[in-house]
Amino acid sequence: MDRENIQYTEEPEQCPWGTIVFFRTDISEEKHHELVVDALCELQRADSGDGLPVYSSATLSDKEKLDRLMEINGTEEYNLLSCDHWKQMFAERPEEEMLVEEKRDEYGGSSEDFGWVYRDYEKAFDGDFTTSDEMFPHLKAVLDRENIEYKIEDKIVNGEERKFFVTGISEEQHLEFVEDAVCEYQRERDHVRVPVYSYKMLTNPEILRRLMKINGTDKYEVLIKDRKRWKEYQKSLLPEN
């Protein structure tokens, strides 16, 4: 926001999962989404170690913005935002892209969430799936935690070799494990000591009790994409005045 000269104020607010800081601005929802994607680019840049700027597919398709950022960064070299990598692969397959969007809506996650995991939605789910390098250890850890039997096999996807998990899990389990892995990714990325849970986990007493027992604590943080929904749910439990 500083780079884009956005005027804002910071206001801390106490929430069930701790203190978070709200940015008070007058930007539009569209601008907010753009800034969040830009922030993801900066996060990936900090983690990459090569110092090159990271651009999203949206930035690369906006010549004016791209030219401005290249001038600011002083280089025409860049890395592509990791969650846009699979979008590029899907670009030549519009029918499959549409099916992916339907599954994203059904899952309730953002395109950034599903950008980490690749599946062929043109056929019935057969238990095989892959993920980006940064998500691989987290998804593997979830499968190990749940005692899921699997093999890891190399497969070619659109000319690129990827490591696939070959399992016998159902489509419903697949979506659940992906969400678990995203929680683990957020926990590591944000250096959070307590576990991170999604809305679905928090509203399923059986799953929540089991995870709290595994993690040895009843403290937690909420998955970023679910924080607004979880707050609204908690408000709905309060008695009406």
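Residues numbered from 1 in each chain as written. Predicted model: local features only at pLDDT ≥ 70, side-chain atom pairs only at ≥ 80, totals over all residues. Heavy atoms only, no water.

**Quick word on the overall build of the protein chain**
Then step 1. Assigned secondary structure in the protein chain consists of 11 helices and 10 strands.
Then step 2. Looking at the protein chain as a whole, 38% of its 241 residues qualify as buried.
Then step 3. The long-range share in the protein chain, meaning contacts at least 24 apart out of those at least 6 apart in sequence, stands at 56%.
Then step 4. As displayed, the protein chain has an accessible area near 14700 Å², and 48% of this comes from carbon and sulfur atoms. (Helix = DSSP H or I, 4+ residues; strand = E, 2+ residues; numbered from the N terminus. Buried < 20%, exposed > 50% of the residue type's maximum accessible area, 1.4 Å probe, protein only. Contact = heavy atoms within 4.5 Å. Areas by Shrake-Rupley, 256 points an atom, 1.4 Å probe, with all protein chains shown as cover.)

**Some remarks on the pairing of strand E6 (residues 128-131)**
Then step 1. Neither face of E6 is left uncovered, since the one carrying Asp 128 and Thr 130 and the one carrying Phe 129 and Thr 131 both have all their residues buried.
Then step 2. In terms of strand pairing, E6 meets strand E8 (residues 160-167) through three bridges, oriented antiparallel. Bridge assignment links Thr 130 to a residue of E8, and that residue is Phe 164. (Pairing = 2+ DSSP bridges.)

**Re the environment of Tyr 197**
Then step 1. Looking at the element boundaries, Tyr 197 is found in strand E9 (residues 196-197).
Then step 2. Note: C-alpha distance between Tyr 197 and Asp 226 (29 residues apart in sequence) is 9.0 Å.

**Notes on the pattern of salt bridges**
Side chains that differ in charge, positive against negative, can pair when their charged atoms come close.
Then step 1. Summed over all chains, the structure comprises 19 salt bridges.
Then step 2. Between Lys 155 and Asp 128 there is a salt bridge whose closest N-O contact spans 2.8 Å. Residue Lys 155 is found in strand E7 (residues 150-157), and its partner Asp 128 is found in strand E6; the two are separated by 27 residues along the sequence.
Then step 3. Taking relative accessible area as the criterion, Lys 155 reaches 27% and is therefore assigned partly exposed.
Then step 4. For Arg 227, the salt bridge goes to Glu 221, with nearest N and O atoms at 3.3 Å.
Then step 5. One network of salt bridges, with partners in common, ties together Arg 3, Glu 4, Lys 31, Glu 34, Asp 38, Lys 65 and Arg 68. (Salt bridge = Lys/Arg side-chain N within 4 Å of Asp/Glu carboxyl O.)

**A word on the nonpolar core**
Then step 1. Counting 27 residues, the largest nonpolar core has Phe 177, Tyr 197, Leu 202 and Tyr 220 as the members making the most contacts within it.
Then step 2. Mapped onto this core, the elements with two or more residues apiece are helix H7 (136-145), helix H8 (171-189), E9, helix H9 (199-202) and helix H10 (205-215).
Then step 3. Contacts of Leu 202, omitting those with residues within four sequence positions, involve Tyr 197, Leu 208, Tyr 220, Val 222 and Trp 230. (Core = buried A, V, L, I, M, F, W, Y, C linked by side-chain atoms within 4.5 Å.)

**A look at the packing of H7 against H8**
Then step 1. Their axes nearest at 8 Å, the elements H7 and H8 cross at an angle of 120 degrees. When the axes of H7 and H8 are compared, the pair comes out oblique. In the crossing of H7 with H8, the sense of the turn from one axis to the other is right-handed. Residues His 138, Leu 139, Val 142, Leu 143 and Arg 145 of H7 touch H8, and the partners they reach there are Phe 177, Val 178, Asp 180, Ala 181, Glu 184, Tyr 185 and Glu 188.
Then step 2. Tallied by class, the residues present in the contact of H7 with H8 amount to seven nonpolar, one polar and four charged. (Axes fitted to C-alpha atoms, helices over the stretch in contact; angles between N-to-C directions. Parallel < 35°, antiparallel > 145°, perpendicular 65-115°, else oblique. Left-handed = near helix turned anticlockwise from the far one by under 90°. Nonpolar A, V, L, I, M, F, W, Y, C, P; charged D, E, K, R; others polar.)

**Remarks on the confidence of the model for the protein chain**
Then step 1. With 78% of its residues at a pLDDT of 70 or more, the protein chain shows a mean pLDDT of 77.
Then step 2. Mean pLDDT values over the elements of the protein chain span from 37, in helix H5 (residues 94-107), up to 92, in E9.
Then step 3. Between residues 85-118, whose pLDDT stays under 50, and residues either more than four places distant or in other chains, the model counts 73 contacts. (pLDDT = per-residue confidence, 0-100.)

**A closer look at helix H3 (residues 63-73)**
Then step 1. Among the residues of H3, Lys 65, Leu 66, Leu 69 and Met 70 are the ones counted as buried. Seen along its axis, H3 keeps its buried residues to an arc of 130 degrees; they face one direction. Among the exposed residues of H3, those oriented more than 90 degrees off its buried face are Lys 63, Glu 64, Glu 71 and Ile 72.
Then step 2. On its buried face, H3 sits against helix H1 (29-48), strand E3 (54-55) and helix H2 (57-60).
Then step 3. Two residues or fewer after H3 comes Gly 74, characterised by a positive phi angle close to 70 degrees. (Arc of directions from axis to C-beta.)

**Description of the side chain of Glu 4**
Then step 1. Take Glu 4: it is sitting in the segment before strand E1 (9-15).
Then step 2. A distance of 2.9 Å separates a polar atom in the side chain of Glu 4 from a polar atom in the side chain of Arg 3.
Then step 3. Sequence-distant contacts of Glu 4, defined by excluding residues within four places in its chain, comprise Lys 31, Leu 35 and Arg 68. (Polar contact = N/O pair within 3.5 Å; in protein donor to acceptor, adjacent residues only side chain to side chain.)

**Thoughts on unusual backbone geometry**
Then step 1. Positive phi values are uncommon outside glycine, yet Asn 5 reaches one of about 55 degrees.
Then step 2. By the element assignment, Asn 5 lies in the segment before E1.
Then step 3. Look at Asn 5 and you get exposed, because its relative accessible area is 68%.
Then step 4. Not every positive phi belongs to a glycine, and Asn 147 is a case in point at roughly 55 degrees.

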